[in-house]
Amino acid sequence: MSLTETNLLSVTKRQYLYKIKSHMGIFNNLAAAQLIVLLLTSGRSGMMGSGGDGLDLKVLYYSSSWVTIATLGALFYVSIIFAGQVYRNQDFAFVANRLSSNLSNIGFLLTAAVLGGITASLYGVLLRVILFYTRGSSNIIGESFFLTPQDLLSGMAAAVLYGILCSALGYLIGILINQHGKIFLLLIPALFIGTWYLQVVHMGEVSIFTKLILFFVRENSLAIFTFKALVTGAVLFATSIMISNRTEVRS
Amino acid sequence: MNISNTLNALLILLIVLVILSFFSMRVKDFIKRTHLGRKGSRWFFVLYGAVLVISIPIFFMIPEQGFLYREQGFAGAPEGYFTGERVNIYAAAEENKLNETDGIMLLGKTNFTLPGEELLISYPGGFSDMPVFVRRKATGDGQITASFYATKTYYYGIDLSLKIKVPEMKVTGSKLEVGNLENEISLVEFRKDLIAAQFADPDTTSQFQGPGFGSRHFETGQRILYMEIPSNVEIKSDQLGVQFIGETI
């Protein structure tokens with residue numbers, strides 16, 4: 001029994017701040033993941049070549065898609081790891097409970113999703129600035145180069161929302177692995193690869209797994225997508241908390 | 001995004017996860033080895049974030065002039081409108097209308113005096129399939145005029161003609177060397193990233209939709225070497241493609 005009066009909010013806040021400070025390296029890894037993609041791809045997403053009559057044309061395509069994918073992948077990965085035993089045991093240094101531990105974890109993952117989404121979107125801006133100064137405007141197609149502030153902000157918001165979805169899904173998977181053993185480590189990739197394979201074999205047939213993905217990726221309205229992503233993220237995080245709360249003692 | 005793109009993106013995501021798990025270990029080792037520590041790693045992220053933030057005002061200050069843009073009317077133009085199909089450079093050469101025909105550009109011109117009665121056209125750079133049109137003048141004044149003409153080159157409605165290098169012409173005695181015929185143009189095109197494209201309104205965004213495939217999207221201009229020679233001069237070339245206007249073999 002503790003002599004100090006505590007409430008959930010203050011404990012969660014203290015745990016969250018502690019996690020932000022102690023796991024700064026995760027943000028560092030997010031930045032490193034983005035820079036690694038820049039180094040590996042030079043920012044390119046493809047190339048087209050054509051020629052004839054003594055003239056060769058090379059069109060180099062650039063986009064921030066690879067960085068966005070890497071960032072979402074990193075967030076998913078970090079969320080699984082964060083739900084793991086090693087990170088959970090750190091919470092025993094505090095006068096806390098499972099709920100505050102989960103809430104502070106979710107707070108940390110949401111912070112990572114926001115920072116990851118924003119940096120992934122701004123990477124496209126940085127890439128444009130670098131290419132403008134290295135290649136010169138006379139070699140760049142202007143119509144695809146310029147972004148309006150609205151484009152930038154909506155891209156940022158969407159990247160953050162996808163980040164939240166990946167974090168929420170990763171956290172749930174991490175909790176399931178933590179609670180129900182390593183079977184999920186094999187089951188989830190097998191489920192994904194199996195679905196992908198069946199999709200390729202039975203062309204045209206859409207599996208439930210694919211339908212779930214299309215529920216998000218086919219949504220063209222940012223407002224509706226925001227609603228879908230936030231509700232889904234909340235449901236996934238809430239499910240994680242409920243599953244996690246079943247563990248009563250340190251295991 | 002279509003289904004196959006989505007699934008491919010997810011497959012890539014899975015590969016990225018494996019790579020990341022490898023690199024996360026490496027990054028930790030690197031930080032430990034280089035004594036960056038927690039403080040160092042914090043500054044690394046802050047520095048990266050600062051670079052990204054600074055790039056925003058710089059980006060919005062970039063002037064719109066000087067970039068490559070599609071010509072107006074491209075979207076509704078019929079097939080071949082922007083190409084050599086509408087400009088017959090060969091017919092224009094035969095009719096002596098190269099300078100008057102819209103869409104034909106003079107890339108370079110040289111005049112020189114031929115000491116003898118034989119001119120050898122040589123291509124030191126190797127094979128050239130560029131046609132040579134020769135017109136005999138009525139007089140034997142020893143003066144030769146060599147001109148390069150070309151129709152416009154387009155990529156998806158963007159005029160690239162000014163990027164075509166002017167061929168080099170060098171006269172040594174009775175030999176005309178033509179070089180610098182090979183051109184390589186490299187362009188940068190941005191594509192909206194996967195997520196941003198999902199919410200892009202095709203009616204209000206100026207997203208460059210990209211070329212797809214087909215002859216319409218890259219149209220190489222036709223080039224010719226057009227020469228006016230004295231009536232008594234014979235032309236020899238180490239390659240095929242010399243056509244005497246108004247003469248039959």
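Look up: the structure comes first, before these words.
Residues numbered from 1 in each chain as written. Chains lettered and ligands numbered in written order. Predicted model: local features only at pLDDT ≥ 70, side-chain atom pairs only at ≥ 80, totals over all residues. Heavy atoms only, no water.

**Quick look at the overall build of chain B**
Thinking step 1. Scanning chain B from terminus to terminus reveals four helices and 13 strands.
Thinking step 2. For chain B, restricting intrachain contacts to residue pairs at least 6 apart in sequence, the fraction spanning at least 24 positions comes to 79%.
Thinking step 3. Carbon and sulfur atoms make up 56% of the accessible area of chain B, which totals about 13600 Å². (Helix = DSSP H or I, 4+ residues; strand = E, 2+ residues; numbered from the N terminus. Contact = heavy atoms within 4.5 Å. Areas by Shrake-Rupley, 256 points an atom, 1.4 Å probe, with all protein chains shown as cover.)

**Focus on the sheet that holds strand β12 (residues 234-237) of chain B**
Backbone-to-backbone hydrogen bonds join strands into a sheet, with any given pair of strands oriented parallel or antiparallel.
Residue and element names in this part refer to chain B.
Thinking step 1. Pairing in this open sheet of four strands is mixed, and the strands run β7-β8-β2-β12 from one edge to the other. The open sheet has two edge strands, β7 (168-172) and β12, and neither has a second partner. Recorded for the sheet is a direction-independent mean angle of 20 degrees between the axes of neighbouring strands.
Thinking step 2. Bridge analysis of strand β2 (residues 118-122) against strand β8 (residues 175-179) gives three bridges, and the strand direction is parallel. Residue pairing in the sheet places Leu-120 in a bridge with Lys-175 of β8. (Pairing = 2+ DSSP bridges. Axes fitted to C-alpha atoms, helices over the stretch in contact; angles between N-to-C directions.)

**Here we look at a negative patch on the surface**
Thinking step 1. Taken together, the side chains of Asp-53 and Asp-56 of chain A together with Asp-129 and Glu-182 of chain B present a region of like negative charge at the surface.
Thinking step 2. The partly exposed category is assigned to Asp-56 of chain A, whose relative accessible area is 38%. (Patch = residues over 30% accessible without salt bridge, like charges linked within 9 Å, V, L, I, M, F, W, Y side chains within 5 Å. Salt bridge = Lys/Arg side-chain N within 4 Å of Asp/Glu carboxyl O. Lys, Arg positive; Asp, Glu negative; His and termini not counted. Charge placed at Lys NZ, Arg CZ, Asp CG, Glu CD. Buried < 20%, exposed > 50% of the residue type's maximum accessible area, 1.4 Å probe, protein only.)

**Here's the deal with the side chain of Ser-122 of chain B**
All names here are of chain B.
Thinking step 1. Position of Ser-122 relative to the elements: it lies in strand β2.
Thinking step 2. Assessed through its relative accessible area of 10%, Ser-122 is described here as buried.
Thinking step 3. In contact with Ser-122, not counting residues within four places along its chain, are Lys-175, Leu-176, Glu-177, Val-178 and Asp-238.

**Focus: unusual backbone geometry**
Thinking step 1. Not every positive phi belongs to a glycine, and Ser-42 of chain A is a case in point at roughly 55 degrees.
Thinking step 2. Even without being glycine, Asn-96 of chain B reaches a positive phi, approximately 55 degrees.

**So, the interface of chain A and chain B**
Thinking step 1. Opposite the 87 residues of chain A that make contact, chain B presents 77 residues.
Thinking step 2. Buried area between chain A and chain B, summed over both chains or domains, comes out near 7900 Å², and the portion from carbon and sulfur atoms is 71%.
Thinking step 3. There are two salt bridges connecting chain A and chain B.
Thinking step 4. Of the charged contacts, one joins Arg-70 of chain B and Glu-143 of chain A as a salt bridge, the two residues approaching to 2.9 Å between their closest N and O atoms.
Thinking step 5. Across the chain A-chain B interface, the total number found is 25 residue pairs in polar contact (both at pLDDT 80 or more). (Buried area = accessible area lost by both parts, 1.4 Å probe. Polar contact = N/O pair within 3.5 Å; in protein donor to acceptor, adjacent residues only side chain to side chain.)

**Details of the pattern of salt bridges**
Thinking step 1. Tallied over the entire structure, the rule returns ten salt bridges over all chains.
Thinking step 2. Note that Glu-219 of chain A and Lys-228 of chain A form a salt bridge whose closest N and O atoms lie 3.0 Å from each other. The pair formed by Glu-219 of chain A and Lys-228 of chain A is uniform in burial state, with each residue classed as buried.
Thinking step 3. Put simply, Lys-97 of chain B and Glu-95 of chain B hold a salt bridge, and the shortest N to O gap is 4.0 Å.

**Comments concerning the pairing of β8 of chain B**
Residue and element names in this part refer to chain B.
Thinking step 1. Examined bridge by bridge, β7 and β8 share five bridges and lie antiparallel to one another. Counted as the bridge partner of Thr-172 is Lys-175 from β8.
Thinking step 2. Hairpin connection, β7 to β8: the antiparallel pair is bridged by two residues, and Gly-173 has positive phi, about 60 degrees.

**Quick word on helix α9 (residues 208-217) of chain A**
All names here are of chain A.
Thinking step 1. Turning to α9, its buried residues are Thr-210, Ile-213, Leu-214, Phe-216 and Val-217. End-on, the buried residues of α9 take up no more than an arc of 160 degrees, which puts them together on one face. Opposite the packed face of α9, turned more than 90 degrees from it, sit the exposed residues Ile-208, Lys-211 and Leu-212. (Arc of directions from axis to C-beta.)

**A few points about the sheet that holds strand β1 (residues 104-113) of chain B**
All names here are of chain B.
Thinking step 1. As summarised here, the arrangement of the five strands in space is β1-β4-β11-β3-β13, forming an open sheet in which the pairing is mixed. Two strands bound the open sheet, and with one partner strand each, they are β1 and β13 (242-244). Within this sheet the neighbouring strands show an average axis-to-axis angle of 20 degrees, counted without direction.
Thinking step 2. Where β1 and strand β4 (residues 143-151) come together, nine bridges link them in antiparallel fashion. By the bridge assignment for β4, Thr-113 is matched with Gln-143.

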